[in-house]
Number of protein chains: 2
Amino acid sequence: MKTDTVPDILPPRGHDAKRVSVIEAAAAVFCREGFAGANIDLIAAEAGVSRQTIYNHHGDKEHLFIAVVRELAERTNAGYFETISTFPDQPEDLEADLIAFAVRLHSNCICNRDGKFLRKLVQAEGERYPELFAGWREQGPSRTWAALAARFARLAHAGLLDIDDPDLAARQFLALINADLQVTMMLGMQPDEAALRTASTNAVRTFLKAFRAPG
Amino acid sequence: MKTDTVPDILPPRGHDAKRVSVIEAAAAVFCREGFAGANIDLIAAEAGVSRQTIYNHHGDKEHLFIAVVRELAERTNAGYFETISTFPDQPEDLEADLIAFAVRLHSNCICNRDGKFLRKLVQAEGERYPELFAGWREQGPSRTWAALAARFARLAHAGLLDIDDPDLAARQFLALINADLQVTMMLGMQPDEAALRTASTNAVRTFLKAFRAPG
DNA sequence: ACATTTTTAGACACACTTGTCCAAATCGTC
DNA sequence: GACGATTTGGACAAGTGTGTCTAAAAATGT
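Attention in this report is confined to the structure presented alongside it. Quick caveat, the model's predicted, so the values are computed rather than measured. Here the residue numbering is sequential within each chain, running from 1 through the sequence in written order. Starting at A for chains and at 1 for ligands, labels are handed out in the order in which the entities are written. For this predicted model, a pLDDT threshold of at least 70 governs which residues receive local features, and a threshold of 80 or more governs which side-chain atom pairs are given and counted, while totals over whole chains, interfaces and linings are taken from all residues. As a rule here, side-chain values cover all heavy atoms of the structure and leave hydrogens and water aside.

Quick notes on the protein's contact with DNA strand D
Being near a molecule or strand, for a residue, comes down to having at least one heavy atom within 4 Å of it. Around DNA strand D sit 18 residues, and of these Ser50(A), Arg51(A), Thr53(A), Ala38(B) and Gln52(B) come closest. Taking all atoms of DNA strand D within 4 Å of the protein, the share assigned to sugar and phosphate is 67%. The side chain of Arg51(B) places a nitrogen or oxygen atom 3.4 Å from a base oxygen of DNA strand D. The set of elements that each furnish at least two residues to the surface near DNA strand D consists of α1 (13-37) and α3 (51-58) of chain A together with α3 (51-58) of chain B. Starting at the N terminus, helices and strands are each numbered in turn, a helix being any DSSP run of H or I of at least four residues and a strand any DSSP run of E of at least two. Broken down by element, the surface near DNA strand D gets its largest block of residues, five residues, from α3(A). Gly falls in the polar group here, along with every residue not listed as nonpolar (Ala, Val, Leu, Ile, Met, Phe, Trp, Tyr, Cys, Pro) or charged (Asp, Glu, Lys, Arg). Here the residues of the surface near DNA strand D are counted per class, giving four nonpolar, nine polar and five charged. Within 3.5 Å is the distance limit for a polar contact, defined as a pair of N or O atoms, with the added protein rule that one can donate a hydrogen and the other accept it, and that residues adjacent in sequence qualify only through two side-chain atoms.

Below you can see the structure in the form of structure tokens.
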């Protein structure tokens, strides 16, 4: 008879803890050093794990890399959907609510650890793993953009916005969000809260000048 | 007595030709493989030059990399200024002229070989060479944004646009320009002419909805 | 044509990494 | 406490890449 206090996840506990710790460390090192420059010994040390354990779990460097990207993509994707679910569908103050939403988007998705890592890995190694990143593109940006577009379409339907092409509006919203932070992010720096608010405010103001429904 | 037919550049001809050929090949390989993954033998082969020549010219891998970034930054910068000098200061058809300008910006600066390479190198290795990329930032984006902002300010002064903060408008113009091509560029793909036109048209239409002067 | 500089090809030492193997230690569970 | 599975550390072979050195070949300028 099984005395499962809780139907725990299949693999045992310590095993799993090490697994995520490896992924975490590998993500950091792959990002810092690139695929070729990443050193498995260093990843092992940073994960607090022996090198052999990494080989036990993932086989070789390439499979480890793939596992890292999949994990990051999954998390980042989940973060996007969760944040988009807080979109202001019935805003009291449209501008303020959209600004707050943009700030959430930044801190939960674009500027957080996983988001930054994933973006960097896509840019650096995208051409080396076409199928891997094609998959990311379809599961990630395509879906999240569509989700965001649906929310904007709803605001338009409610008469608050004047939007022809909701998909385009969603893309432009995201582009404007990033306008002030492009270079900062490019160099791997972390903008502070104030910068996030400023960037979001600037973006939303311009977005509303372009798309706010007349009247 | 010197019979200089033309006051040629100081270093001899073949020497210089090899120098640029090395930079060219190195740029390509550094971008494809990253700094750590780049192989000097491969660069030499791709440049049609012996490995020793590279060491003669640049000393070691790191100095070669620095030379590549400097060269790309210089060229890209020059391209930006040249293209910005074609900004429509006295437009006949504001929308059409701005769209054409945006297309030029894409094909001469953002999507061309040097621009793509430089962006990728900044993103991949920016954290490893803080001073190098800090220099790029000041000589590049800062200056080009200011130059573009000045042009927008002029259009505003002429009563064609309604702009509070020309610097912000310039950043947002560039951000909108890229809105449709973000993912494509991220994966290192080259958008075709039609995509460039579409992206530029979408961007300029929204930009003008936000900033066109009333009346 | 000659003198000087540059380039070339190859060999070389050295360091570093990956991935494997194995015996001992540790962990989780009954 | 004992059992099986996992982890560990260390040694190891094989491959790869950097940077140096050399002598011969080519190019350059006068």
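Read on for the rest.
Here's the deal with α3(B)
All names here are of chain B. Buried means the residue's accessible area, taken with a 1.4 Å probe over protein chains only, is under 20% of the maximum for its type, while exposed means over 50%, and partly exposed covers the values in between. When we look at burial in α3, the residues that qualify are Thr-53, Ile-54, His-57 and His-58. The arc that holds the buried residues of α3, viewed along the axis, is 105°, so those residues lie on one side. In the stretch just after α3, Gly-59 is the one whose phi turns positive, near 85°. Throughout, the arc means that of the directions going from the helix axis to the C-beta atoms.

Thoughts on the protein's contact with DNA strand C
Lining the immediate surroundings of DNA strand C are 18 residues, of which Ala38(A), Gln52(A), Ser50(B), Arg51(B) and Thr53(B) lie closest. Of everything in DNA strand C that lies within 4 Å of the protein, sugar and phosphate atoms constitute 67%. In the environment of DNA strand C, a phosphate oxygen lies 2.9 Å from a nitrogen or oxygen atom belonging to the backbone of Ala38(A). Lys61(A) has a polar backbone atom sitting 3.2 Å from a phosphate oxygen of DNA strand C. Of all the secondary-structure elements, those providing two or more residues to the surface near DNA strand C are α2 (40-47) and α3 of chain A together with α1 (13-37) and α3 of chain B. The greatest single-element share of the surface near DNA strand C, amounting to five residues, is contributed by α3(B). Residues of the surface near DNA strand C, tallied by class, amount to four nonpolar, eight polar and six charged.

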